[in-house]
Amino acid sequence: MMTAVRTTGLTRAFGTLVAVDHVDLGLAAGEVYGLLGRNGAGKTTLIRMVLGLIRPTAGSVEILGHGVGTRGDEQVWAQVGYLVEGPGLYPELTVTDHLAVAAAYRGLGAGALDAVVERLSLGGQLPVRARHLSLGNRQRLALALALVHSPAVVVLDEPGNGLDPAGVVEVRDLLRDLADAGAAVLMSSHLVAEVARVADRVGILHEGRLVDELDTGRLAALDAGRVRITLPDPRRAPEAQRVLAAAGFAVVDHDGYLDCDQPDAVAHPEDLATALVLAGVPPRSLVVSHQDLEQHFLALTEAGGA
Amino acid sequence: MTGVRVGLAVEWRKARRSAVPAVTAGVFAFAAGIEGLFMFIAARPERAKALGLVGQKAQLAGLAPDWTGLLAFAAQVMAVGGLMVFAFCGAWVFGREFADGTARYLLALPISRGRVVAAKLLLLLIWCAALATWFVGLTLAVGALLHLPGGGTHIVVTGVLRVLLAAGLQTVALTPVVLVASAGRGYLPPIATALGMVVVAQVAGALGWASAVPWAIPAVAAGLVPGVALGTASLVGVAVWGLAGIVGTVLWWRSGDVGA
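The following paragraphs examine the structure supplied in this document. These figures come from a predicted structure and were not determined experimentally.

1. Digging into the overall build of chain B
And then number 1: Check the secondary structure of chain B and you find eleven helices and zero strands.
And then number 2: The linear arrangement of helices and strands in chain B, starting from the amino end, is α-α-α-α-α-α-α-α-α-α-α.
And then number 3: Here the C-alpha atoms of chain B give a radius of gyration of 20 Å, agreeing with the 18 Å that 2.2 N^0.38 yields for 260 residues.
And then number 4: Its C-alpha atoms put chain B at 65 × 40 × 30 Å along the principal axes.
And then number 5: Out of the 260 residues in chain B, the part that is buried amounts to 48%.

2. Focus: the packing of helix α2 (residues 20–43) of chain B against helix α5 (residues 67–99) of chain B
Residue and element names in this part refer to chain B.
And then number 1: Axis separation between α2 and α5 bottoms out at 11 Å; the angle between their running directions is 160 degrees. The pairing of α2 with α5 is recorded here as roughly antiparallel in orientation. Crossing hand, α2 versus α5: right-handed. Taking contact as the criterion, the partners of Val20, Thr24, Val27, Phe28, Ala31, Glu35, Phe38 and Met39 in α2 are, on α5, Leu70, Phe73, Ala74, Val77, Gly81, Val85, Phe88, Cys89 and Trp92.

3. Regarding the packing of helix α6 (residues 113–145) of chain B against helix α7 (residues 153–173) of chain B
All names here are of chain B.
And then number 1: The N-to-C vectors of α6 and α7 enclose an angle of 155 degrees; their axes lie 10 Å apart at closest approach. Taken together, the axes of α6 and α7 are roughly antiparallel relative to one another. Pair α6 / α7 crosses with right-handed handedness. Residue-level contacts link Leu125, Cys128, Ala132 and Val136 of α6 to Val160, Val163, Leu164, Ala167 and Thr171 of α7.
And then number 2: Considered class by class, the residues forming the contact of α6 with α7 number eight nonpolar, one polar and no charged.

4. Some words on the interface of chain A and chain B
And then number 1: Taken together, the contact between chain A and chain B spans 26 residues of the former and 22 residues of the latter.
And then number 2: Ranked by the residues each element gives to the side of chain A that touches chain B, the list is headed by helix α3 (residues 95–106) of chain A, at five residues.
And then number 3: Partitioning the side of chain A that touches chain B into residue classes produces 15 nonpolar, four polar and seven charged.

5. So, the sheet that holds strand β9 (residues 201–206) of chain A
All names here are of chain A.
And then number 1: What the six strands build is an open sheet, ordered β6-β7-β8-β3-β9-β10; its pairing is mixed. Lying at the two open borders of the sheet, with one neighbouring strand each, are β6 (80–83) and β10 (209–214). When the angles between neighbouring strand axes are averaged without regard to direction, this sheet yields 15 degrees.
And then number 2: Contacting β3 (32–37), β7 (153–157) and β8 (184–189), helix α6 (residues 165–180) runs over the sheet at an angle of about 150 degrees to β8.
And then number 3: In the packing of helix α12 (residues 293–302) onto the sheet, contacts are made with β3, β9 and β10, and the angle to β9 comes to roughly 30 degrees.

6. Here's the deal with the environment of Leu293(A)
All names here are of chain A.
And then number 1: Following the sequence through the fold, leucine 293 ends up in helix α12.
And then number 2: On the neighbour-count criterion, leucine 293 (22 C-beta atoms within 10 Å) is buried.
And then number 3: Sequence-wise, leucine 293 and alanine 250 are 43 residues apart; in three dimensions their C-alpha atoms are separated by 22 Å.
And then number 4: Not counting residues within four places of it along the chain, the set of residues in contact with leucine 293 comprises Val192, Ala196, Val202, Leu219 and Leu222.

Cut-offs applied
- Residues numbered from 1 in each chain as written.
- Chains lettered and ligands numbered in written order.
- Predicted model: local features only at pLDDT ≥ 70, side-chain atom pairs only at ≥ 80, totals over all residues.
- Helix = DSSP H or I, 4+ residues; strand = E, 2+ residues; numbered from the N terminus.
- Rg over C-alpha atoms; globule rule 2.2 N^0.38 Å.
- Buried ≥ 20, exposed ≤ 12 C-beta atoms within 10 Å, placed from the backbone.
- Axes fitted to C-alpha atoms, helices over the stretch in contact; angles between N-to-C directions.
- Parallel < 35°, antiparallel > 145°, perpendicular 65-115°, else oblique.
- Left-handed = near helix turned anticlockwise from the far one by under 90°.
- Contact = placed C-beta atoms within 7 Å.
- Nonpolar A, V, L, I, M, F, W, Y, C, P; charged D, E, K, R; others polar.
- Pairing = 2+ DSSP bridges.

In structure tokens:
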């Protein structure tokens, strides 16, 4: 699959504050990449560098094979749609005006406008000036302006901001459809559930660093849950690990406790308990837990990174 | 040029939808009204007194109630007021993009940033030219309505050209203000800069340095600085100053951190 967006060692410092610290990420066509981070984690700074709005202190960005910040950026921007730091709208212009402005810059016909108006349910708002739009409709218009030219790369900073629950679902479906149609979608959010539901891959940004990246397999594993085993004597963990391996369960020794995320172990934890008791290594506790992305995110960001 | 044309069409649409151009036209209409009032008082002091208008100020200003006096007054209005109004136009065209948070959506377009800036500068030029033409038209209407004497073709053409020259020089001299509007990311820095420029121009005029201060040159062209004639060096100075403003603005918009 072609890499649509790639950052290499991307770094940005503001004085002594390192907002983004050596971030390497790649995003393929047809993929939704969710960038997750707390407020101030560096998501928006990263996105601004991806879009060439600010210059990296170090590292580089490539979009569709073109180095951002080099000659010929305009050709790449023709294939990129973006929404960053909220909708930037002209208060006195109507929705129609905004769409006409976007069409003029992108060299589009009316057909393209009709499609995006319909997709984002803006039909009833066309004659309304931006200053009179609700927060949700401002966000819809901003999304329409980002998507009006059917871009190959879509970069959205907090796309669900200001939308009601139905609007959030609509946007989620929209992003999925864009990716299914072959677009590469890079989205950032501090809303874990929003990212978890739509992203194929999730990058967790904490204090400027990409502290974890979860692909579909790891996201599914988080959903699938795990069994955590503690022993009265943690020094016997290797022995317990051997016993469980012989019984067909792969466990990971975490220096004091054991984790097993095999689906059959999660479904039948009693099998693990039985094997350990019969081998003379009875567990002190055996807990089945379903750690979702939110817990994983909090564990990473509260601990200060992996 | 296609990018500039598209950019200009977009800028035109923004200006058309805004009340700001009408407000600036209103300011010059008000200035023309003041011209008319002063001329009326100067031409008919007894009638003005009978109507309850205070005529002392106009007479103290030494205004000649004829076409020469009217057009000289108009040139002075343009030289001083033009700086503020044109600077306000520049602040709106450039600074509003940052105040409204729209600038970041002009930075990653299929059109280069240089062309986006060129379109904005072109709109500003058209806007200032339109305002100057509007003001000249109103001034001529005032003169005609008051039946001012001394309206020979040569006098009127020379007077009108002087107003237009002051306007043109003022337009060129304000380009650093649009750089301030961009780098200052809003309306206030350019407006404050323009106010500062007016003060500096006043001081330079009083000290006899007006011909060395680019934005005071329009006042020299308007005949506002007694004993100082407009020289080639001054005109070159305004051109270099204006060019520096344009180049600085383009470079700033093309710099990597404009979207910070």
